[in-house]
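Now for the letters of each chain:
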2 protein chains.
Amino acid sequence: MSNDNIQQLVNRYVDVSFSVTKKAEALITEQLGSKLTHDQLYIIRYINRVGSCTSTALAEEFEVKKSAITAIINRLWEKGFIQRTRDEKDRRVVYLTLTEKGEELFWRIDKRIQQLVEELISQFEPSEIEQFIETYEKLNHALVEQKNKK
Amino acid sequence: MSNDNIQQLVNRYVDVSFSVTKKAEALITEQLGSKLTHDQLYIIRYINRVGSCTSTALAEEFEVKKSAITAIINRLWEKGFIQRTRDEKDRRVVYLTLTEKGEELFWRIDKRIQQLVEELISQFEPSEIEQFIETYEKLNHALVEQKNKK
DNA sequence: TTTAACTATTCAACAATTTAACTATAAGTA
DNA sequence: TACTTATAGTTAAATTGTTGAATAGTTAAA
């Protein structure tokens, strides 16, 4: 593939992924109200999925330092969305879980997001969506490989 | 499409787009050194493409307030990567352009990014990439439509 | 000419991030 | 057992990006 072609592909990809992310987050902002930031929603979404996890796990998952996680968790804890529970066996470890209030909030926001997505994807063939996400996941895998090579 | 299917698609999409963005930015971080942040690179990339633009245009393009742009531009200006030029006809307007130093920096980083992408996309069929970006652009378009509806 | 609109900036407040230092706990070793 | 090293999490200072409100200067409209 020629340099010009690659240049064009990079530009198209960067533009469209940037634009889509921005627009999707703008849509979701209305659902978040002033209760959560996007990063906070991502964290809550993750904890909801795994049920319970540690700061270290979150830091690895989100590829940031642990102190960054502490800061976000503190804010969510102050708002009453997250609980901290010390492990009795290993007292260094703190397990993070959603409170009932946190679960309820996430459930409500997630439902609204699904409604928005439903409107959106009705315009696509299911096979096109499937192919799109598959290629995206393949790209993700290729990035992991490239990272491991170094 | 059933609710469960939509739920699954949303989850897969959010996960993979988040993951790819993180990993791509991690790869690029090494190229940026301590000279630029990612947002600063996005801004420089845009100005490089259009040649010259205003704060207002950047604020619209990046969907943030003008004061956020002023802050970023100030930092890039302090580092000597960006020039400000007042419009003589309409003295409210300030045109932003890259300095020679800014152009040279962007050129160097962009070249490295292309090399990285080249390694990556060699693993894909050109038609698969083309289809992927087309669907992505279609999604972007659908988001614009949905936004305008409101 | 006065009023309204627009362009950009400043400032205060907050969120997310990194780096470095620190506390507490657990595990390994001599 | 006592010393050392490693791990989990937090704290504090500094930087960056963000919003919202206020402001200065300029242009357009009434």
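Notes on the structure follow. (Residues numbered from 1 in each chain as written. Chains lettered and ligands numbered in written order. Predicted model: local features only at pLDDT ≥ 70, side-chain atom pairs only at ≥ 80, totals over all residues. Heavy atoms only, no water.)

1. Notes on the packing of helix H3 (residues 55-62) of chain B against helix H4 (residues 66-78) of chain B
All names here are of chain B.
Thought 1: Between H3 and H4, the shortest axis-to-axis distance is 9 Å and the interhelical angle comes to 110°. Between H3 and H4, the angle falls in the class roughly perpendicular. In this structure, the crossing between H3 and H4 has a hand that is right-handed. The segment H3 lies against H4, with Ser55, Thr56, Leu58 and Ala59 engaging Lys66, Ile69 and Ile73. (Axes fitted to C-alpha atoms, helices over the stretch in contact; angles between N-to-C directions. Helix = DSSP H or I, 4+ residues; strand = E, 2+ residues; numbered from the N terminus. Parallel < 35°, antiparallel > 145°, perpendicular 65-115°, else oblique. Left-handed = near helix turned anticlockwise from the far one by under 90°. Contact = heavy atoms within 4.5 Å.)

2. Topic: the environment of Thr54 of chain A
Residues and elements named next belong to chain A.
Thought 1: You can see Thr54 is positioned in the loop between helix H2 (38-50) and helix H3 (55-62).
Thought 2: Residues Thr54 and Thr97 lie 43 residues apart in sequence; the distance between their C-alpha atoms is 9.1 Å.
Thought 3: In contact with Thr54, not counting residues within four places along its chain, are Val93, Val94, Tyr95 and Leu96.
Thought 4: Within the structure, Thr54 has its side chain in polar contact with the backbone nitrogen of Ala57 (distance 3.1 Å). (Polar contact = N/O pair within 3.5 Å; in protein donor to acceptor, adjacent residues only side chain to side chain.)

3. Remarks on the packing of aromatic side chains
Thought 1: Under the defined criterion, the tally for this structure stands at 15 aromatic pairs over all chains.
Thought 2: Here Tyr136 of chain A and Phe132 of chain B contribute two aromatic rings whose centre-to-centre distance is 5.2 Å and whose plane-to-plane angle is 70°, an arrangement assigned as edge-to-face. Pair noted here: Tyr136 of chain A is in helix H6 (residues 126-149) and Phe132 of chain B is in helix H6 (residues 126-149), and the two residues belong to different chains. Like Phe132 of chain B, Tyr136 of chain A is buried.
Thought 3: Taking the centre distance of 6.0 Å and the plane angle of 80° together, the rings of Tyr46 of chain B and Phe62 of chain B count as edge-to-face. In this pair, Tyr46 of chain B is assigned in helix H2 (residues 38-50) and Phe62 of chain B in helix H3, connecting sequence segments 16 residues apart.
Thought 4: Relative accessible area serves as the criterion here: at 9%, Phe62 of chain B is assigned to the buried category.
Thought 5: Among the aromatic residues, those joined into a cluster by ring pairs are Tyr13, Phe132 and Tyr136 of chain A together with Tyr13, Phe132 and Tyr136 of chain B. (Phe/Tyr/Trp six-rings, centres within 6.5 Å; stacked < 30°, edge-to-face > 60°. Buried < 20%, exposed > 50% of the residue type's maximum accessible area, 1.4 Å probe, protein only.)

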